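# Structure at a glance
Letter by letter, the chains look like this.
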Amino acid sequence: MGRGDVEREWLITDGLGGYASGTVGGANTRRHHGLLVAALEPPTDRMVFVAKIEERLLVDGSYKDLSFNHYPSVDYPKGTQYLWDFKPKPLPKWEFCGPQWQLEKQIGMVQGSNTVVVRYANMGTSPYTLELHPLYTYVDYQSNFHQQPWFDFYTEFSADHLKTYAHYGASPVFTKWSSGDYTENRAWYRNIQLPKEKDRGLDSDCDYYRIGYLAKELNPNESILLAFSTDESLLRENLGRLWSQVEHELEPKAETDPSFFDDLIRSGDQFLVVRQSTQSESIIAGYHWFTDWGRDTMISMRGLTIATGRQSVSDSILRTFFKSIDQGMLPDRFPDSGGNVEYNTIDATLWLFVASYDYYKKFKDLLFVKDHLEIFRDILDWHIKGTRYNIHVTPEGFLYGGQEGEQLTWMDARVDGQVVTPRIGCPVEVNALWYNALKIYEFFCRELQAEFERTYLDILHAFELHFHDHFVNEEGTLYDVIVPKGDKDNSFRPNQLFWLSLPFTLLDKDRQLLIFEKTQERLYTPYGLRSLAPNDPKFIGSYQGNQWSRDHAYHQGTVWPFLLYDYYHAFLTLYGDTTANRLKVISALSELRTHFYGDGGLHCISEVFDGMHPVEGKGCIHQAWSVGAIIKLYHDHGLHGK
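Residues numbered from 1 in each chain as written. Predicted model: local features only at pLDDT ≥ 70, side-chain atom pairs only at ≥ 80, totals over all residues. Heavy atoms only, no water.

### Let's talk about the pattern of salt bridges
Keep this limit in mind: Only one rule defines a salt bridge in this text: a Lys or Arg side-chain nitrogen within 4 Å of an Asp or Glu carboxyl oxygen. Buried, partly exposed and exposed residues are distinguished by accessible area as a fraction of the type maximum, computed with a 1.4 Å probe on protein chains only: under 20%, between the cut-offs, and over 50%, respectively.
Overall, the coordinates contain 38 salt bridges when judged by the stated rule. A salt bridge links lysine 52 to glutamate 54; the shortest N-O distance between them is 2.9 Å. Side by side, lysine 52 and glutamate 54 carry an identical accessibility label, which is buried. Put simply, Arg295, Asp332, Asp347 and Asp412 are held in one network by salt bridges that share partners.

Pasting the structure below:
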């Protein structure tokens, strides 16, 4: 396999926010990689307990090292020379082989438990000895692990398991094996290099710790299981039964060749998690480093759970966020490792209306609407009278928000206290959402035969009266941000596209066609839409370098795949949802499909791409709203039947 192949990343998750992830070649290339990354306060407070396993075979008196690590001046060992094949599903599976031997390795996670199980099987015709050297860490998943005097990895040894504390007072990790002999042999593995961190301008070296190793002579068709968990109940488990459970949970239900759409659904399931604090379900915004964010959840669930017909999951997610509304605002994010819930968003709450509308249209659950009608009304009232961050309704009926030093829209990058795209005033997509929130509330009132108060009707009338005079520019497209009787930002961004894709619009078809054509001309790429037109002086075509460089490029041209739903939905709505046009969309998605199967994260859609020459995925390797957008597109327009 080539270097690019072995550096592709795999990922499996446990439904709690924990995961196992690494590269096909076996080398960890970022701080977030690990064999057991456990969410101690699901889905947050993630810790890396086990970095990886170093494997070696003793064949006819000669050792064959199968592992792979990057060191400052050398890659060692180079086990990729024995790597014959890798398959990412239904479970990550490696095949290693030599002239007289063959080894199969598979990894699975137990759903609802911070537990990972690794299976090794001799698939050849001759016996050999397999040595497994687990490497441990104890570090927050956003940090690198380094040798320190207090890390003694105190371990209680038993015949088939270990109980290990990285230091006094640390949460323990449990190691269990199905057979073999364990030998204590302690050592630090120093100065392992993490190239992805170096690319991001961050600390790029780390250390791992070995307590000992497990040795087992494997006969042909014989296997061994090795498991790691933060749950002591692992010690009471039969590992064979546990492995069968893992296989049953993740294997496809039918013996068919799954389509891209089927693989998207499986991939999307990895974002669904249980939130311990609310005993309900939520959505991780992206792997490896995001938690559950309000805006991302509302947008991504439209595809991940509502379009796919999962009513109980969708209901649980929505109720999770309804319970956290404060001063008429939905949380922007729940923090990792304690702290206060953050409410610095102007649009997440409005996306709640859209997600709830989708939910009702899909499931016809009038009781859900009835249960939350007062909350919807309270949200509108808070926005009308004014809430955090100077969010309020103007005399024209528009929603205004923002203050110095705060990032409130989805274009929310901030570096060293400086907001890169402040967008203070009345952003165009926020006002599309505000208009839709009012119209959706009006729709819900009609469905329940409840009164739609005069206050909201007056705001709608004012909005409709003043919108075109304030938001339509000389070209006939829309300003990105306006301040009534003040400045207007004419940056051409994808934000105005939401006036074409949300349920309710004020634009006639001619203006929609103009906006779509200009968006296609200036922003469209096969991987998503640029966040700023390339002819803008502020356009940055490459998303790379340290955090300062990356954050300054984040919404200044960088391509976002999640906007493809809005783009293609607008195309099919405006030009006809015909078989011919659906086939055009499927064809146009071919490059994104190639990315999904072969670039960066396997069976993943990245967060962003470069703005000028988008090919390689950047940012987070697996983003919920990127995947959810394509699932929703397939569902809404019947593309999965093509």
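### Concerning unusual backbone geometry
Rule in force here: Note on conventions: DSSP H or I runs of at least 4 residues are helices, E runs of at least 2 residues are strands, and numbering of each starts at the N terminus.
Note that the residue after proline 42, namely proline 43, is joined by a cis bond; omega there is 0 degrees. Following lysine 89, the chain continues into proline 90 via a peptide bond in cis, with omega recorded as 0 degrees. Inspection of the secondary structure puts proline 90 in the loop between β8 (83-87) and β9 (93-98). Unusually for a residue other than glycine, glutamine 449 sits at a positive phi of about 55 degrees. Relative to the helices and strands, glutamine 449 is located in the loop between α9 (428-448) and α10 (454-471).

### Topic: α10
Put simply, the test is: Between the first and last residue of a helix there are one fewer steps than residues, each counted as 1.5 Å, and that sum is the expected span. Here the bend at a residue is taken as the angle between two axes, fitted respectively to the seven residues that end there and the seven that start there.
Here α10 is 18 residues long and its end C-alpha atoms lie 25 Å apart, about the 26 Å a rise of 1.5 Å per residue gives. Maximum bend of α10: about 35 degrees, positioned at leucine 465. Considered for burial, the residues of α10 that qualify are Tyr456, Ile459, Leu460, Ala462, Phe463, Phe467, His470 and Phe471.

### What to know about the pairing of strand β10 (residues 101-109)
Keep this limit in mind: Any two strands with at least two DSSP-identified bridges between them are counted as paired.
Here β10 lies mainly inside the structure; eight of its nine residues are buried. Bridge count between β9 and β10: six bridges; the pairing is antiparallel. Bridged to tryptophan 94 within β10 is lysine 105. Between β9 and the antiparallel strand that follows it, β10, lie two residues. Between β10 and strand β11 (residues 115-122), which pair antiparallel in sequence order, lie five residues; one of them, glycine 112, sits at a positive phi of approximately 80 degrees.

### Overview of the packing of helix α15 (residues 579-588) against helix α16 (residues 590-598)
Any two packed helices are characterised by the angle at which their axes cross and by the distance between the axes. Heads up, the condition is: Each axis is a line fitted through C-alpha atoms, taken for helices only over the stretch in contact, and angles between the N-to-C directions span 0 to 180 degrees. For this classification, under 35 degrees means roughly parallel, over 145 means roughly antiparallel, 65 to 115 means roughly perpendicular, and everything else is oblique. The contact criterion used throughout is that any non-hydrogen atoms of two residues lie within 4.5 Å. Asp, Glu, Lys and Arg are counted as charged, while Ala, Val, Leu, Ile, Met, Phe, Trp, Tyr, Cys and Pro are counted as nonpolar; the rest, among them Gly, fall into the polar class.
Running from N to C, α15 and α16 point in directions that differ by 40 degrees, and their axes come no closer than 4 Å. As far as their axial angle goes, α16 and α15 are oblique. Here α15 contributes Ile586, Ser587 and Ala588 to the contact with α16, which in turn contributes Ser590, Glu591 and Arg593. Considered class by class, the residues forming the contact of α15 with α16 number two nonpolar, two polar and two charged.

### Thoughts on the pairing of strand β1 (residues 9-13)
For β1, the tally of buried residues reaches five of five residues, placing the bulk of the element in the interior. Side-chain alternation along β1 places Glu9, Leu11 and Thr13 on one buried face and Trp10 and Ile12 on a second face that is also buried. Note: β1 against strand β2 (residues 19-23), five bridges, orientation antiparallel. Paired with isoleucine 12 across the bridge in β2 is alanine 20. Between β1 and the antiparallel strand that follows it, β2, lie five residues; glycine 15 among them carries a positive phi value of about 80 degrees.

### Considerations on helix α7 (residues 348-363)
Under the 1.5 Å per step criterion, the end-to-end length of α7 is 22 Å for 16 residues, consistent within 8% with the ideal 22 Å. The buried count for α7 comes to 14 of 16 residues, which makes it a mostly enclosed element. The positive-phi residue at the C-terminal boundary of α7 is lysine 364, with phi of around 55 degrees.

### Quick look at the sheet that holds strand β27 (residues 481-482)
Strand order in this open sheet of three strands is β26-β27-β28, and the pairing throughout is antiparallel. Every interior strand has two partners, whereas the edge strands, β26 (426-427) and β28 (488-489), have only one. In this sheet, β28 lies alongside β27 in antiparallel orientation, the contact comprising two bridges. Note that in β28 the partner of valine 481 across the bridge is aspartate 489.

### Observations regarding the side chain of histidine 288
Rules: Each polar contact in these results corresponds to two N or O atoms within 3.5 Å; when the atoms are within protein, one needs to be able to donate a hydrogen and the other to accept it, and residues that are neighboring in sequence are counted only if both atoms are side-chain atoms.
If you trace the backbone, histidine 288 turns up in the loop between β21 (286-287) and α5 (294-306). At a separation of 2.8 Å, a polar atom in the side chain of histidine 288 contacts the side chain of serine 21.

### Quick look at the packing of aromatic side chains
We count it as follows: The aromatic pairing rule takes the rings of Phe, Tyr and Trp, using the six-membered ring of Trp, and pairs them if the centres are within 6.5 Å, calling planes under 30 degrees apart stacked, those over 60 edge-to-face and the rest tilted. In our convention, an over-ring charge means Lys NZ or Arg CZ found within 6 Å of a ring centre and within 35 degrees of that ring's normal.
Counted according to the given criterion, the structure contains 64 aromatic pairs. Each ring, one from phenylalanine 261 and one from tyrosine 634, has its centre 5.7 Å from the other, and the planes form 15 degrees; the classification is stacked. Highlighted residues: phenylalanine 261 in helix α4 (residues 260-269) and tyrosine 634 in helix α17 (residues 624-636), separated in sequence by 373 residues. Measuring from ring centre to ring centre gives 5.6 Å for tryptophan 351 and phenylalanine 498, while their planes differ by 75 degrees; the resulting arrangement is edge-to-face. Here tryptophan 351, found in helix α7, pairs with phenylalanine 498, found in helix α11 (residues 498-501); they are 147 residues apart in sequence, far enough to count as distant. Neither residue differs from the other here; tryptophan 351 and phenylalanine 498 are each classed as buried. Put simply, the rings of Phe322, Phe353, Tyr357, Tyr359, Tyr360, Phe363, Phe368, Phe376, Phe443, Phe444 and Phe504 pair up and form one aromatic cluster. Its end group placed over the ring of tyrosine 360, lysine 364 keeps NZ or CZ at 5.9 Å from the ring centre.

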